[in-house]
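# An overview of the molecular structure
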Amino acid sequence: MPPVRKIIDAILSGTRDNNIAFADLQRVLLSLGFKYRVKGDHFIYWRSGIDEIINIQPDGNKAKAYQVKQVRAVIIKYRLI
């Protein structure tokens, strides 16, 4: 597994949205202090001080591109790194 910082760099670059592993996206969210609950195949992430709720589902072993974009937007908006 790649280091979390490398995954964050890939998310922020915006060039690999279709090629981010679902487990890696989960690791990033947990490392940024998000908590989660699971309902079916929906993983719902939230964090104190963040208005948005992030709802992600796996697409095989990959994360869906639009969900990677949502995570990128939250990271940038709230300056999480």
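As a starting point, this report considers the structure included with it.

About the cut-offs
- Residues numbered from 1 in each chain as written.
- Predicted model: local features only at pLDDT ≥ 70, side-chain atom pairs only at ≥ 80, totals over all residues.
- Heavy atoms only, no water.
- Helix = DSSP H or I, 4+ residues; strand = E, 2+ residues; numbered from the N terminus.
- Rg over C-alpha atoms; globule rule 2.2 N^0.38 Å.
- Buried < 20%, exposed > 50% of the residue type's maximum accessible area, 1.4 Å probe, protein only.
- Contact = heavy atoms within 4.5 Å.
- Pairing = 2+ DSSP bridges.
- Axes fitted to C-alpha atoms, helices over the stretch in contact; angles between N-to-C directions.
- Parallel < 35°, antiparallel > 145°, perpendicular 65-115°, else oblique.
- Nonpolar A, V, L, I, M, F, W, Y, C, P; charged D, E, K, R; others polar.
- Salt bridge = Lys/Arg side-chain N within 4 Å of Asp/Glu carboxyl O.

## A short note on the overall build of the chain
Check the secondary structure of the chain and you find 3 helices and 5 strands. For 81 residues, the compact-globule estimate of 2.2 N^0.38 gives 12 Å, and the C-alpha radius of gyration of the chain, at 11 Å, lies within 12% of that figure. For the chain, the spread of C-alpha atoms along the principal axes amounts to about 30 × 30 × 20 Å. Within the span of the chain, comprising 81 residues, buried residues form 37% of the whole. By sequence separation, contacts in the chain at least 24 residues apart represent 46% of the contacts at least 6 residues apart.

## Brief notes about the pairing of strand β1 (residues 35-39)
Inspection of the sheet shows β1 paired to strand β2 (residues 42-46) by 5 bridges, in the antiparallel sense. Residue pairing in the sheet places Lys35 in a bridge with Trp46 of β2. Connecting β1 to the antiparallel partner β2 that follows it, the hairpin turn spans 2 residues, and Gly40 within it adopts a positive phi of roughly 70°.

## Observations concerning the pairing of β2
For β2 and strand β3 (residues 54-56), the ladder comprises 3 bridges, and the chain directions are antiparallel. Across the sheet, the residue bridging to Phe43 is Ile56, located in β3.

## Description of the packing of helix α1 (residues 4-13) against helix α2 (residues 22-31)
Put simply, α1 and α2 touch, their axes get as near as 10 Å, and they point 105° apart. In terms of axis orientation, α1 runs roughly perpendicular to α2. The residues of α2 that touch α1, namely those facing Val4, Ile7, Ile8 and Ile11, are Asp24, Leu25, Arg27, Val28 and Ser31. Classifying every residue of the contact of α1 with α2 gives 6 nonpolar, 1 polar and 2 charged.

## Things to note about the pattern of salt bridges
All told, the structure shown has 4 salt bridges when counted by the stated rule. One salt bridge connects Arg72 with Asp17, and the closest N-O pair in it is separated by 2.9 Å. Of this pair, Arg72 sits in helix α3 (residues 65-77) while Asp17 sits in the loop between α1 and α2; the two residues are 55 residues apart in sequence, bridging distant segments of the chain. Here Arg72 falls in the buried class, since its relative accessible area comes to 14%. The partner of Glu52 in a salt bridge is Lys77, with the nearest N and O atoms 2.9 Å apart. One end of the pair, Glu52, is in the loop between β2 and β3; the other, Lys77, is in helix α3, and 25 residues separate them in sequence.

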